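# Coordinate analysis (summary)
Spelled out from the first residue to the last, the chains are:
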Amino acid sequence: MYDQANIFARILRGEIPCKRVYETDHALAFHDIQPQAPVHVLVIPKGAYVSAQDFSATAPADAIAGFWRAVAETTALLGVIEPGFRLISNHGRDALQSVPHFHVHILAGKSLGVHLVP
Ligand code: 5GP
């Protein structure tokens, strides 16, 4: 069940502020409040999807295409296509997903190392 009170739903409704990077009809990109790299931006779809699994399995094709096109436009705007960036999306308890609205982390701005898992 999607929780309409989650923090990203509240950001989408304009109830709490964010440092916006980019916005389309399908997605919103904004800076993470606790950056873990010199560039740490979150991209979220405007629809109500709990996680990557929910979004990928149930969203309509135009929402999926629009979301990923917005991710590409965000990395271009951030100027990180070269020398590179990392995309991460946490789903569920073992991945320590803390906000139950699908989001992709864009991490960049330094060499991010070889370890995906601490
Ligand atoms: P998760 O752990 O669910 O993959 O990532 C959630 C992310 O949302 C975390 O990196 C956290 O710092 C970020 N976050 C949590 N609350 C807020 C908020 O109110 N504003 C912004 N901009 N980021 C938030």
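Everything below is about the structure printed above this text.
Treat the numbers as computed from the prediction; the structure is a model and nothing was measured. (Residues numbered from 1 in each chain as written. Predicted model: local features only at pLDDT ≥ 70, side-chain atom pairs only at ≥ 80, totals over all residues. Heavy atoms only, no water.)

### A word on the nonpolar core
Counting residues in hydrophobic clusters, the biggest one holds 18 residues, and the most contacted among them are Val43, Phe55, Phe67 and Phe102. If you list the elements that add at least two residues to this core, you get β2 (27-31), β3 (39-45), α2 (52-58), α3 (61-78) and β5 (104-108). Per-element accounting of this core gives the leading share, four residues, to α3. Apart from the residues lying within four places of it in its own chain, the contact partners of Phe55 are Pro45, Tyr49, Ala63, Ile64, Phe67, Trp68 and Phe102. With seven residues, the next largest nonpolar core counts Phe8, Ile11, Leu28 and Ile44 among its residues. (Core = buried A, V, L, I, M, F, W, Y, C linked by side-chain atoms within 4.5 Å. Buried < 20%, exposed > 50% of the residue type's maximum accessible area, 1.4 Å probe, protein only. Helix = DSSP H or I, 4+ residues; strand = E, 2+ residues; numbered from the N terminus. Contact = heavy atoms within 4.5 Å.)

### Section: α3
Taking 1.5 Å of rise per residue, 18 residues should cover 26 Å, and α3 covers 26 Å from first to last C-alpha, within 8% of that figure. By the burial criterion, the buried members of α3 are Ala63, Gly66, Phe67, Ala70, Val71, Thr74 and Thr75. (Expected span 1.5 Å × (residues − 1).)

### A closer look at the pairing of β2
Taking burial as the measure, the five residues of β2 include four buried ones, the bulk of the element. Pairing of strand β1 (residues 20-23) with β2 involves three bridges; the strand directions are antiparallel. Directly across from Arg20, in β2, lies its bridge partner Phe30. Summarising the sheet, β2 and β3 pair through five bridges and their orientation is antiparallel. Residue Ala29 lies in a different strand from β3, and its bridge partner there is Val43. (Pairing = 2+ DSSP bridges.)

### Topic: the packing of aromatic side chains
Two aromatic rings, taken as a pair, are described by how far apart their centres are and by the angle between their planes. Scanning the entire structure with this criterion turns up six aromatic pairs. Between Phe8 and Phe30 the ring centres are 5.5 Å apart and the planes differ by 80°, which places this aromatic pair in the edge-to-face class. Here the residue Phe8 occupies a position in helix α1 (residues 7-12), and Phe30 occupies one in strand β2, the gap between them amounting to 22 residues. In this structure Phe30 comes out as buried when scored by relative accessible area, which is 3%. An angle of 45° between the planes, with centres 5.0 Å apart, marks the rings of Phe67 and Phe102 as tilted. Placement of Phe67 in helix α3 and of Phe102 in the loop between β4 (85-88) and β5 is noted, with a sequence separation of 35 residues between them. For the pair formed by Phe67 and Phe102, the shared burial category is buried. Three or more aromatic residues joined by ring pairs make a cluster, and in this case those are Tyr49, Phe55, Phe67, Trp68 and Phe102. (Phe/Tyr/Trp six-rings, centres within 6.5 Å; stacked < 30°, edge-to-face > 60°.)

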